[in-house]
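Breakdown of the fold
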Amino acid sequence: MSRLDRLRAESLAEFRSFTRHRTALFFTFVFPLLIVGAYVAAINAGDGEFLGEAAAYYLPGFLALVFVFTPLSRIDGSIPRDLEAGRLEKLATTPLRPVDWLLARTIVAGVLASVPAVALLLIAVVATPVSMHLSPWILLLCGSLLVTFAGVGAIIGRLADSEDGAIAVGNAIGFPLVFFSETLIPSDVVPTSIQPVLELSPVTHFARAGRTAFSGGTPAVGELAVVGIVAVVAFAVGVRLLPMIRR
Amino acid sequence: MATPVAEAADVTFSYDSEPAVDGVSFSLPAGTAAALLGPNGAGKTTFIRLLTGILTPDDGSVRLFGGDLTEADRARLGVLPQGFTPQARLTPRELLEYYGGLYPESRSVTTVLEELGIESAADRQYRRLSGGQQRRTCLGIALINRPRFLVLDEPTAGIDPGGKRALWRYLPKLVDAGTTLLVTTHDMVEAERLADRIGFFHQGELLAFDTAEALVEEYLGQRHLIIETSAPAHIAERLEAASMTDEAVRVEGVTQSELGGLVDQVLDVGVEVTALRWEQPPLEELFTTMIEGGGGT
């Protein structure tokens, strides 16, 4: 069996396990639809604008909702849970490497996030006066965000002392990033004292690059570099911290 | 002597400066079975984690399959960690397929399900299985890669006597087929049933590691022969190292090879013998004797 087979086995087990968990399914698929539904209603009530921005402004935010929360919520709590159940200890005695484990979880999160992501974009197109240009940049940016928050999820899962703690920390980090990073709350509305902090958010750079891509342009190299570098670093640190001691 | 599958040399490990394993040396020849006994917190599980590479020793060295632990082929290792619970929403069949998929080669899932007697529950989610079926599924997961070295940390914890006995019948077959087995347990009877050699852990130290018979002999004294008779004096005066009670004679230090000759001697006396019992001191007393410092007799 090759490494690809190991990834397949790990991904399939995670996918099967997840899709039989109704609460997790609800959170992954229905929660973003509810948020986007509320935005669509607000945009339509505001003659195609909400908080002074056109519908297109919010498209990267809609994607951030699923590509931040899906990997984060799938991975942060699962590490303390798998530790408690002895599953990571068991895996540490198999040929599966920590990088394979996180990669498999990232792949599953990516598949799961893609379904609501497509649905959200379709809703936006159908229900709001938005026009969008789909380009490979969008895929690249979504992939980077997915990898970033898979890594962040692994870091949180390792540092938190319980599943509940990990989920709480994940939400405490994820919600402000998703809403305030020039995504679902326009930067004009955010207090000026907080704005410099948002420059540090990878989601801010994702949103800027995403808006450019959705309008048919090529994202700035600087934005792409930040998004890409943060993804690589977060993933590498996540792998390094995974509590499968043997490497 | 067969090549050791697992070896530890003066291994030490601490959790936050609290010693958990303290200078343990150990060698397990291929194709043998060993059991590690000791109370909770004695260091058994930590030692197993060191031996299987889950933890790295602070000091000392561990070798697996004759080589350095970091280079060891994990595909030949089967481990059932203490308290291991697989994904609750997968079925035994899916779990065996999953774990089998992590190894370069694995056994047929159907064969493992049949061997462990869980084929009827193969497509039921793990969380809906009985405790015994769950434990057998976990054992199947540890066996799916046809391991050369199988390490089971308290494999019968929480399962009923019937399930225990089934496992006791199954594991020796694996050893007979060449698998090297290491189990931890609190159950002295289980240790003696499953293992050629037994190790006792206490406060991070391996107090002893030998065959059950040798340990009993060293720490509790040798086996003795009890002869129940209506005329104990007639027999006692003919035998060495014999003591007498009202209706029995006790002969200390009787080995297996001496037993036949001794019985012949007893029968030659020509008095009625109602029972003969060749007994060893109860194994259950062994650990207590060891930690209380009751040395060999």
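Definitions and cut-offs
- Residues numbered from 1 in each chain as written.
- Chains lettered and ligands numbered in written order.
- Predicted model: local features only at pLDDT ≥ 70, side-chain atom pairs only at ≥ 80, totals over all residues.
- Heavy atoms only, no water.
- 1 Å grid on protein atoms, 1.4 Å probe; cavity = no way out; pocket = protein on both sides within 12 Å on 5 of 7 lines; lining within 4 Å.
- Points joined across faces, edges and corners; volume = space filled by probe spheres on them.
- Helix = DSSP H or I, 4+ residues; strand = E, 2+ residues; numbered from the N terminus.
- Nonpolar A, V, L, I, M, F, W, Y, C, P; charged D, E, K, R; others polar.
- Pairing = 2+ DSSP bridges.
- Contact = heavy atoms within 4.5 Å.
- Axes fitted to C-alpha atoms, helices over the stretch in contact; angles between N-to-C directions.
- Patch = residues over 30% accessible without salt bridge, like charges linked within 9 Å, V, L, I, M, F, W, Y side chains within 5 Å.
- Areas by Shrake-Rupley, 256 points an atom, 1.4 Å probe, with all protein chains shown as cover.
- Salt bridge = Lys/Arg side-chain N within 4 Å of Asp/Glu carboxyl O.
- Lys, Arg positive; Asp, Glu negative; His and termini not counted.
- Charge placed at Lys NZ, Arg CZ, Asp CG, Glu CD.
- Buried < 20%, exposed > 50% of the residue type's maximum accessible area, 1.4 Å probe, protein only.

Attention shifts here to empty space enclosed by the protein. Residues and elements named next belong to chain A. For the structure on display, the rule yields two cavities of 30 Å³ or more. Put simply, the largest cavity is a space of about 50 Å³. Surrounding the largest cavity, F27, T28, F31, P32, L65, V66, F69, T70 and S73 form its lining. Secondary-structure elements contributing two or more residues to the lining of the largest cavity are α2 (22–45) and α3 (59–75). Here the lining of the largest cavity takes five residues from α3, the largest share from any one element. As a volume, the second largest cavity reaches approximately 40 Å³. What lines the second largest cavity is F69, L72, S73, D76, I167, G170 and N171. Mapped onto the lining of the second largest cavity, the elements with two or more residues apiece are α3 and α8 (163–180). A per-class count over the lining of the second largest cavity returns three nonpolar, three polar and one charged.

For the rest of this paragraph, the subject is the sheet that holds strand β5 (residues 67–68) of chain B. Residue and element names in this part refer to chain B. Strand order in the open sheet made by the four strands is β2-β1-β4-β5, with antiparallel pairing throughout. Two strands bound the open sheet, and with one partner strand each, they are β2 (18–29) and β5. Here strand β4 (residues 59–64) pairs with β5 via two bridges, running antiparallel. Bridge pairing in β5 links R63 to D68. In the packing of helix α1 (residues 44–51) onto the sheet, the strands contacted are β1 (4–15), β2 and β4, and the crossing angle to β1 comes to about 120°.

Residues and elements named next belong to chain B. Here six strands make up an open sheet; going across it, the order is β6-β7-β8-β3-β9-β10 and the pairing mixed. Bordering the open sheet on either side are β6 (77–80) and β10 (205–210), each of which pairs with just one other strand. Going across the sheet, the axis of each strand differs from the next one's by a mean of 15°, ignoring polarity. In the packing of helix α5 (residues 161–176) onto the sheet, contacts are made with β3 (33–37), β7 (149–153) and β8 (180–185), and the angle to β7 comes to roughly 155°.

All names here are of chain B. A cluster of acidic residues, D10, D22, D58, D59 and E205, forms a negative patch on the protein surface. Of note, D58 is situated in the loop between α1 and β4. Note on D58: relative accessible area 48%, which makes it partly exposed.

Residues and elements named next belong to chain B. A contiguous patch of positive charge on the surface is contributed by R165, R169, K173 and R193. Among the structural elements, R169 can be located in helix α5. The class of R169 is exposed, set by a relative accessible area of 53%.

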